[in-house]
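Summary of the model geometry
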Amino acid sequence: MSGAALGIEIVVVFFLALFLLHQYGDFKKQQRMVLFGTLLAWYLCFLIVFILPLDVSTTIYKQCKIDHGEHTSGPTVNPLPFNHTTANASVTPTKSEPKPCYKPWSYIPDGIMPVFWRVVYWTSQCLTWLLLPFMQSYARSGGFSITGKIKTALIENAIYYGTYLLIFGSLLIYVAVHPEWHLSWYELQTIGITAANTWGLFLLVLLLGYGLVEIPRSYWNASRHGHLLVKTYFKASKLMTEKADAEENLEDVMEEVRKASESIKYNHPLRKCIDTILRKCPVDYQEKMGRNMDDYEDFDDKQNTYPSEKSLVKLHKQVIYAVQRHNRTRVQWQILLQQAIHLEDVAKNETSSTHRFVHSFPSSEPAGWFSRYVYTPTVEWYWECLLKRWFYRLLSVVLTLFSVAVVWSECTFFSTRPVLSLFAVFIQLAERDYNYLYIEMACFITIFFLCTCVYSTVFRIRVFNYYYLASHHQTDAYSLQFSGMLFCRLTPPLCLNFLGLIHMDSAISHQQKEQTAYTSIMGSMRVLSFIANGFYIYYPMLIVILCIATYFSLGTRCLNLLGFQQFVGDSEMTSDLIDEGKELIRREKRKRQRIEDGENRRREWKERYGNSREDYTARNRSSHEMKETSYSDTVNSSNNRQAKYSRSGSQAERDCIELLQDAEPLDFNADTLTDDPLDAEPGRHAGGRYLSMSSSRSRIFDDV
């Protein structure tokens with residue numbers, strides 16, 4: 001099993017990152033470099049989280065061998081002199097009967113983990129500080145060529161890169177001039193890593209303080225169907241406002257595109273730029289603009305009313321943003337509508353005496369084997385109306401206990417005598433019996449909970465409309481890459497904070513123990529002692545204040561006072577938005593009910609008169625064949641005789657045909673209506689005829 005666990009986790013984490021990217025990104029429409037950069041950033045961050053427990057168990061095994069005076073098969077990572085007075089093992093093996101050191105099932109051979117961590121860490125840092133900011137500007141650029149996009153990205157990142165180079169250059173000059181400081185390359189590298197981790201820790205505590213309270217509370221509120229339904233009404237009202245604003249913005253942008261398209265003719269040098277913009281527009285707008293084009297008009301160089309290339313680049317950028325925002329709000333509205341209807345169904349079925357879940361709008365698709373045999377309406381009723389709320393409440397209590405343990409450990413992890421950090425106590429108890437499976441599971445659950453609190457906050461936060469992670473393939477390229485940058489900056493300090501919680505980082509716990517391979521990559525924090533002994537220890541204590549502020553929703557109330565509409569129960573504005581959202585949901589339900597009733601009537605007409613219509617079609621086909629035969633035999637006959645055989649059937653059959661036609665939607669675009677469509681002239685389109693029975697579905701002059 002040596003190295004097998006590492007290989008399995010590498011593969012599993014890759015598919016996990018690919019699945020998440022598929023949920024938020026769009027593989028068909030977005031650029032391949034954007035998807036690759038985001039996937040690589042997410043993959044490396046998730047990989048650090050999943051592999052770190054294996055590094056901890058391997059380090060504990062090496063520490064055991066050092067305690068017993070044994071030598072490992074290879075060079076150890078940062079060997080430190082062992083001090084028996086600060087050892088964590090409570091049972092000291094005697095020389096006559098030493099306690100053996102059991103090798104963990106997931107033991108990773110020496111020399112693999114240091115190289116692995118170097119590749120993962122430095123690749124993630126290059127992504128977050130160099131490549132992703134450049135790719136972010138490149139994807140958001142409205143240029144029409146690769147060169148133009150690169151130029152725009154370089155200009156936008158000039159200030160960003162110049163600021164970092166100025167700060168780093170000033171520090172280098174200060175170190176070179178200072179007579180007492182003689183820093184080597186290793187120490188400069190450590191300073192850079194420490195600066196990046198310090199910035200990440202500052203943001204980490206903010207996000208962690210929000211997630212530790214909000215995640216347990218969200219599951220508790222999910223068990224309250226009434227509260228969840230009211231909040232859904234509130235979201236519906238806000239989303240409808242955003243949806244209307246997105247539609248209005250799209251209309252304005254499309255109007256500018258139409259004017260530019262009409263001013264720049266087909267032989268203009270900038271016409272290829274217009275064609276690129278038109279390909280980004282919705283299909284219905286493309287058809288409208290295509291019908292209004294007068295390509296027969298030549299380009300007149302004397303008229304200087306056409307836009308410039310710079311204005312077209314700006315217009316191209318506006319089109320990309322407007323179309324993406326419009327599609328996102330439209331999809332989100334459909335999802336929110338489904339959630340509201342489902343919650344209303346749950347509220348209605350709670351009082352049902354039959355204990356069978358009834359949907360307001362049953363699915364038109366045939367039920368699968370899971371719905372027929374496992375998730376039956378009775379099982380669905382017990383889950384949705386009874387068991388689900390208690391499951392969410394139990395899960396909320398468990399997550400609350402985890403949050404309390406994290407807050408307590410964050411405030412006491414620096415204390416080694418006595419050991420106050422709960423996670424350090426659990427790991428040390430398992431270390432006594434060399435229960436490596438328990439150690440890895442405890443480490444994985446702890447770091448997974450920390451990552452869930454931090455990463456879920458990254459997925460929830462929204463910076464106006466510039467950064468917004470939306471599921472169902474509705475996240476734009478800018479937000480995807482920005483999330484990758486945040487993950488790469490938050491994961492290293494998160495892992496260091498976790499190692500401090502379990503007392504596996506000597507720079508914080510001040511214990512002379514075997515260091516993990518991950519800590520060796522970060523370097524010794526003693527180069528900057530005021531950060532290692534001050535900021536890294538006392539700053540995480542602010543998480544208590546952030547948790548209290550989140551519990552009382554102080555940030556939400558402040559945003560509500562500033563004019564940003566937030567869900568506050570005792571606000572008059574919130575009540576008005578709830579009522580508005582309820583009315584919007586009712587309106588959408590009535591619209592959907594009308595559509596469903598129309599489909600049911602159409603289906604009934606087809607089932608009732610389907611055979612008669614098929615018989616008429618067969619007779620009409622045979623009559624048409626007879627006409628062709630008669631026409632081939634009498635080529636020189638008169639047109640009146642040909643018209644004589646062009647109609648067949650009695651008056652009763654014609655009445656049956658008209659009755660069948662009433663079951664299909666009418667084409668009201670015709671100018672005139674006739675009492676009998678069959679009496680119309682043979683060469684003209686009969687006004688009022690149904691689209692499904694028209695003689696030709698596509699004519700040459702349909703678009704004129």
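Residue indices follow the written sequence of each chain, beginning from 1 at its first position. Predicted model: local features are reported for residues with pLDDT of at least 70 only, side-chain atom pairs are reported and counted for 80 or more only, and whole-chain, interface and lining totals are derived from all residues. As a rule here, side-chain values come from all non-hydrogen atoms in the structure, and water together with hydrogens is ignored.

Considering the overall build of the protein chain
Strands here mean DSSP runs of E at least two residues long; helices mean DSSP runs of H or I at least four residues long; both are numbered from the N terminus. For the protein chain, the count of helices and strands is 22 helices and 2 strands. Each residue gets one of three labels from its accessible area relative to the maximum for its type: buried under 20%, exposed over 50%, partly exposed in between, using a 1.4 Å probe on protein chains only. Taken across its 704 residues, the protein chain has 40% of its residues classed as buried. The contact criterion used is simple: two residues touch if any of their non-hydrogen atoms lie within 4.5 Å. Within the protein chain, residue pairs in contact and separated by at least 24 positions form 77% of the contacts whose partners lie at least 6 positions apart. Element-wise, carbon and sulfur atoms account for 60% of the exposed surface of the protein chain, whose accessible area totals about 40,100 Å². Method for areas: the Shrake-Rupley scheme with a 1.4 Å probe, in which residue coverage is limited to the protein chains shown.

Overview of the UniProt feature "coiled-coil region" (unreviewed entry) in the protein chain
UniProt positions are given in the numbering used here, feature names are shortened, and annotations may be inferred rather than shown by experiment. Per the UniProt annotation, the sites labelled "coiled-coil region" (unreviewed entry) are residues 236–263. End C-alpha to end C-alpha, residues 236–263 measures 40 Å, and it is 100% helix and 0% strand.

Notes on the packing of helix α12 (residues 422–432) against helix α13 (residues 436–460)
To obtain an axis, a line is fitted to C-alpha atoms, over the contacting stretch when the element is a helix, and the angle between two such axes runs from 0 to 180 degrees between their N-to-C directions. Contact pair α12 / α13: the axes reach a minimum separation of 9 Å and the direction vectors enclose 165 degrees. Between α12 and α13, the angle is such that the two are roughly antiparallel. Taken as a pair, α12 and α13 cross one another with a handedness that is left-handed. When α12 is examined against α13, the residues Phe 423, Phe 426, Ile 427, Ala 430 and Glu 431 are found in contact with a partner set consisting of Tyr 438, Ile 439, Ala 442, Cys 443 and Thr 446. Throughout this entry, Asp, Glu, Lys and Arg are counted as charged residues, while Ala, Val, Leu, Ile, Met, Phe, Trp, Tyr, Cys and Pro are counted as nonpolar. The remaining residues, Gly among them, count as polar. Its residues assigned to classes, the contact of α12 with α13 comprises 8 nonpolar, 1 polar and 1 charged. Any angle that is under 35 degrees is reported as roughly parallel, and any over 145 degrees as roughly antiparallel; angles of 65 to 115 degrees are reported as roughly perpendicular and all others as oblique. What makes a crossing left-handed is the near helix being turned counterclockwise from the far one by less than a right angle; a clockwise turn instead makes it right-handed.

Some remarks on the packing of helix α11 (residues 377–412) against α13
Between α11 and α13, whose axes approach to 11 Å, the crossing angle comes to 95 degrees. Relative to α13, α11 is oriented roughly perpendicular. Between α11 and α13, the residues in contact are Leu 399, Phe 402, Ser 403 and Val 406 and Ile 445, Phe 449 and Leu 450, respectively.

Brief notes about the UniProt feature "transmembrane region" (unreviewed entry) in the protein chain
The residues that UniProt annotates with the feature "transmembrane region" (unreviewed entry) are residues 6–22, 34–52, 119–138, 158–177, 189–213, 390–408, 437–458 and 535–554. For residues 189–213, helix accounts for 100% and strand for 0%, while the C-alpha atoms at its two ends are 36 Å apart. The span residues 390–408 carries 100% helix and 0% strand; its end-to-end C-alpha distance comes to 27 Å.

Some points on the pattern of salt bridges
What makes a salt bridge here is a side-chain nitrogen of Lys or Arg within 4 Å of a carboxyl oxygen of Asp or Glu, nothing more. Summed over the entire model, instances satisfying the criterion amount to 13 salt bridges. Of the charged contacts, one joins Arg 271 and Asp 275 as a salt bridge, the two residues approaching to 3.3 Å between their closest N and O atoms. Here Asp 275 and Arg 271 lie together in helix α7 (residues 271–280), a separation of 4 residues that amounts to about one turn. Look at Asp 275 and you get partly exposed, because its relative accessible area is 30%.

Notes on the environment of Val 419
One can find Val 419 in the loop between α11 and α12. Put simply, Val 419 and His 503 are 84 residues apart on the chain and 9.1 Å apart in space, counted from C-alpha to C-alpha. With near-sequence residues (within four places) excluded, Val 419 lies in contact with Ala 424, Val 425, Gln 428 and His 503.

Some details on a nonpolar patch on the surface
Taken together, Trp 408, Leu 420, Leu 422, Phe 426, Leu 429 and Tyr 438 make up a surface patch of nonpolar side chains, about 540 Å² in accessible area. In terms of residues, the nonpolar patch owes the most to one element, α12, which gives 3 residues. Following the sequence through the fold, Trp 408 ends up in helix α11. Grouping into patches uses exposed residues only, defined as over 30% relative accessible area, and leaves out salt-bridged ones; the cut-off is 9 Å for like charges and 5 Å for nonpolar side chains (Val, Leu, Ile, Met, Phe, Trp, Tyr).

Remarks on the nonpolar core
Among the buried residues, those of types Ala, Val, Leu, Ile, Met, Phe, Trp, Tyr and Cys that are joined through side-chain atoms within 4.5 Å form a nonpolar core. Grouped together as the largest cluster of nonpolar side chains are 91 residues, with contacts concentrated most on Trp 117, Leu 212, Ile 502 and Tyr 518. No other element matches helix α2 (residues 32–67), which puts 19 residues into this core. Ignoring any residue separated from it by four or fewer positions in sequence, one finds Leu 212 in contact with Ser 403, Val 406, Val 407, Phe 449, Cys 453, Ile 543 and Cys 547. Core analysis: the second largest hydrophobic core is formed by 19 residues, Ala 260, Leu 270, Leu 312 and Val 323 among them.

Structural notes on the confidence of the model for the protein chain
Each residue carries a pLDDT value, the predictor's own confidence for that position, ranging from 0 to 100. Of all residues in the protein chain, 74% have pLDDT values of 70 or greater, and the mean over the chain is 76. Taking the mean pLDDT of every element in the protein chain, the minimum, 42, falls on helix α21 (residues 639–644) and the maximum, 92, on α11. Low pLDDT, under 50, characterises residues 627–652; the stretch is placed with 7 contacts to residues that sit more than four places away or in other chains. Note on residues 654–704: pLDDT under 50 across the span, and 58 contacts to partners over four residues away in sequence or across chains.

Re the environment of Met 254
Structurally, Met 254 can be placed in helix α6 (residues 225–263). Taking the C-alpha atoms as reference points, Met 254 and Gln 318, separated by 64 residues in sequence, lie 9.7 Å from one another. Not counting residues up to four positions away in its chain, the partners in contact with Met 254 are Cys 281, Pro 282, Tyr 285, Met 289 and Val 319.

Describing the environment of Leu 469
Counting through the fold element by element, Leu 469 comes out in the loop between β2 (467–468) and α14 (477–501). A C-alpha to C-alpha distance of 9.7 Å links Leu 469 and Phe 482, two positions 13 residues apart in sequence. Apart from residues no more than four positions distant in its own chain, Leu 469 is found in contact with Tyr 24, Val 458, Phe 459, Thr 475, Ser 479, Leu 480 and Ser 483.

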